There are 2 protein chains.
Amino acid sequence: MARTDPTGATPAHALEHIQSLPSWLTGRVATRARELVAEALAAEGLRLGHHAVLAAVVAHGPLAQAELVRRLDLDAKDVVVHLDHLQQRGLVQRRPDPADRRKNAVSATEEGIATLARCTELAEQANNRLLEPLSTAEQQLLISLLARLQQD
Amino acid sequence: MARTDPTGATPAHALEHIQSLPSWLTGRVATRARELVAEALAAEGLRLGHHAVLAAVVAHGPLAQAELVRRLDLDAKDVVVHLDHLQQRGLVQRRPDPADRRKNAVSATEEGIATLARCTELAEQANNRLLEPLSTAEQQLLISLLARLQQD
DNA sequence: CAGTAACCGTTGGGATAACCAACGAAAACC
DNA sequence: GGTTTTCGTTGGTTATCCCAACGGTTACTG
């Protein structure tokens, strides 16, 4: 594991070196994770973005879309599209905020809450399949390391 | 960290729960890693895919494109596009394989080898920035955990 | 040795995710 | 009261990944 040439300038190992970089590894793992979760959530007709938005709405009551954007760190446009989809499925509703007529007060319906519970369970199972090769301790270790990388 | 409700059915924690799943964390970290590396490689006019393809060509001598596809696990179309770009920049050349007229023998030019060395250095620095919040031991731990997830 | 199957490079199209620019309406600021 | 900022929305762009199909070539098989 300790390579004598950290820059990979040794031609014979150039490929293996690149494939051991986090930028490569996280890309591959993230792609596979997305596939697994998307496949699981397909049973509910939702995708990762929908799941995240729905969870934020359920968790933090009625809130404006701009607040969703800030909490999830997503693009405002994507939030609009995701909410359109969720609203069309009756999982979420947009009401005008009487205190600020620019805002929509987004809240979850009962079916939205129930759907979120099912989706969260499905996402959990998909992640378990992803993490299968690791022990429980290693799984939590990986999660905490990733969380620290992402905080900035 | 040990949550009593692993399914996140508690509404108030639904969002935090999703954001602690590897499917979410790896997605965010992978995006940031790609940004950092892409920004670094822009100095050479290349992108992640080009870097990987160029590294494989330099490392494993003249080889057919189908062999590149197998080694890198990339889509055949993307390999064609990346090679077109690399060839146009004079970093790589395609020659007909006399032993099998279906194949192209892809090899790197001297400038390709030199460019790869610079790109690898740049990618290394970008990854160091990404991994900055972690200690050296933690960095290697993260890499080995990710590698084990990706092997299947 | 003819006929079929498999492989090779290439082209076309499509799906997804993430991002940026700009707009009218409304509120906040000074 | 006029400027600035916020909010929701629409439009378009880019990068990555994947699938289907094609002509040309080789390998397999009866």
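Residues numbered from 1 in each chain as written. Chains lettered and ligands numbered in written order. Predicted model: local features only at pLDDT ≥ 70, side-chain atom pairs only at ≥ 80, totals over all residues.

**Student:** Which parts of the structure should I look at to understand the overall build of chain A?
**Tutor:** Secondary structure summary: chain A contains 7 helices and 2 strands in total. Starting at the N terminus, the α and β elements of chain A follow one another as α-α-α-α-α-β-β-α-α. Against the globule reference of 15 Å for 152 residues, chain A gives a C-alpha radius of gyration of 20 Å, more extended than a compact globule. For chain A, the spread of C-alpha atoms along the principal axes amounts to about 65 × 30 × 25 Å. By residue count, 37% of the 152 residues in chain A fall in the buried class. Taking all contacts inside chain A whose residues are at least 6 apart in sequence as the whole, residues at least 24 apart take part in 55%. (Helix = DSSP H or I, 4+ residues; strand = E, 2+ residues; numbered from the N terminus. Rg over C-alpha atoms; globule rule 2.2 N^0.38 Å. Buried ≥ 20, exposed ≤ 12 C-beta atoms within 10 Å, placed from the backbone. Contact = placed C-beta atoms within 7 Å.)

**Student:** Would you mind showing me how to read unusual backbone geometry here?
**Tutor:** One can expect most non-glycine residues to show negative phi and most peptide bonds to be in trans. Even without glycine at this site, Asp73(A) takes up a positive phi of about 55°. Within the secondary structure layout, Asp73(A) lies in the loop between α4 (65–72) and α5 (76–88).

**Student:** Sorry if this is basic, but what is going on with the relation of the copies chain A and chain B here?
**Tutor:** The two chain copies are connected by a rotation around an axis plus a translation along it. With an RMSD of 0.1 Å, the operation that places chain A on chain B is a rotation of 180° combined with a shift of 0.0 Å along the axis. Classification of the inter-copy transformation places it as that of a two-fold axis. Most of the interface of chain A is mirrored in chain B: 100% of its interface residues are interface residues there too. (Least-squares fit on C-alpha atoms with pLDDT ≥ 70 in both.)

**Student:** Just to check I follow, could you spell out the packing of helix α7 (residues 136–150) of chain A against helix α7 (residues 136–150) of chain B for this structure?
**Tutor:** Axis separation between α7(A) and α7(B) bottoms out at 10 Å; the angle between their running directions is 120°. Classified by the angle between their axes, α7(A) and α7(B) sit oblique to one another. Judged by the sense of rotation from one axis to the other, the crossing of α7(A) with α7(B) is left-handed. Residues Glu138(A), Leu141(A), Leu142(A) and Leu145(A) of α7(A) touch α7(B), and the partners they reach there are Glu138(B), Leu141(B), Leu142(B) and Leu145(B). Its residues assigned to classes, the contact of α7(A) with α7(B) comprises 6 nonpolar, no polar and 2 charged. (Axes fitted to C-alpha atoms, helices over the stretch in contact; angles between N-to-C directions. Parallel < 35°, antiparallel > 145°, perpendicular 65-115°, else oblique. Left-handed = near helix turned anticlockwise from the far one by under 90°. Nonpolar A, V, L, I, M, F, W, Y, C, P; charged D, E, K, R; others polar.)

**Student:** Looking at this model, I keep getting lost on the interface of chain A and chain B. Mind explaining?
**Tutor:** Many structure descriptions define interface size as the accessible area lost when the parts assemble. Facing the 56 residues of chain A at the interface are 56 residues of chain B. Those elements that place two or more of their residues in the side of chain A that touches chain B are α1 (14–19), α2 (22–41), α3 (48–59), α6 (110–130) and α7 of chain A. Within the side of chain A that touches chain B, the residues separate by chemical class into 36 nonpolar, 14 polar and 6 charged.

**Student:** In this structure, what is going on with the protein's contact with DNA strand C? I would like to understand it.
**Tutor:** If you check the shell around DNA strand C, you find 22 residues, and the closest are Arg101(A), Ala64(B), Gln65(B), Ala66(B) and Ala76(B). Counting residues per element, the ones that place at least two in the surface near DNA strand C are α3 and α5 of chain A together with α2 (22–41), α4 (65–72) and α5 (76–88) of chain B. It is α5(B) that provides the largest number of residues to the surface near DNA strand C, a total of 4 residues. In terms of residue class, the surface near DNA strand C is made up of 6 nonpolar, 5 polar and 11 charged. (Near = placed C-beta within 6 Å.)

**Student:** What exactly am I supposed to notice about the protein's contact with DNA strand D here?
**Tutor:** Neighbouring DNA strand D are 23 residues; Ala64(A), Gln65(A), Ala66(A), Lys77(A) and Arg101(B) lie closest to it. Residue assignment for the surface near DNA strand D shows that the elements contributing at least two residues are α2, α4 and α5 of chain A together with α2, α3 (48–59) and α5 of chain B. Of the residues forming the surface near DNA strand D, the biggest block, 4 residues, is contributed by α5(A). Partitioning the surface near DNA strand D into residue classes produces 7 nonpolar, 5 polar and 11 charged.

**Student:** Even after reading the chapter, I still don't get the nonpolar core, so can you show me in this structure?
**Tutor:** Nonpolar side chains in soluble globular proteins generally cluster together in the buried interior. Grouped together as the largest cluster of nonpolar side chains are 83 residues, with contacts concentrated most on Leu54(A), Ala55(A), Leu54(B) and Ala55(B). Excluding residues that lie within four positions of it along the chain, Ala55(B) makes contacts with Ala14(A), Leu15(A), Ile18(A) and Leu116(B). (Core = buried A, V, L, I, M, F, W, Y, C linked by C-beta atoms within 7 Å.)

**Student:** What should I look at first to understand α6(A) in this one?
**Tutor:** Spacing of three or four residues puts side chains on the same side of an α-helix, whose turn is 3.6 residues. End to end, α6(A) covers 30 Å across 21 residues, agreeing with the expected 30 Å (1.5 Å per residue, within 8%). Residues of α6(A) that are buried: Gly112(A), Thr115(A), Leu116(A), Cys119(A), Thr120(A), Leu122(A), Ala123(A), Ala126(A), Asn127(A) and Leu130(A). (Expected span 1.5 Å × (residues − 1).)

**Student:** Even after reading the chapter, I still don't get the UniProt feature "domain: HTH marR-type" (unreviewed entry) in chain A, so can you show me in this structure?
**Tutor:** As recorded in UniProt, the sites labelled "domain: HTH marR-type" (unreviewed entry) are residues 19–151 of chain A. For residues 19–151 of chain A, helix accounts for 68% and strand for 8%, while the C-alpha atoms at its two ends are 24 Å apart. (UniProt positions renumbered as here; feature names shortened; annotations may be inferred.)

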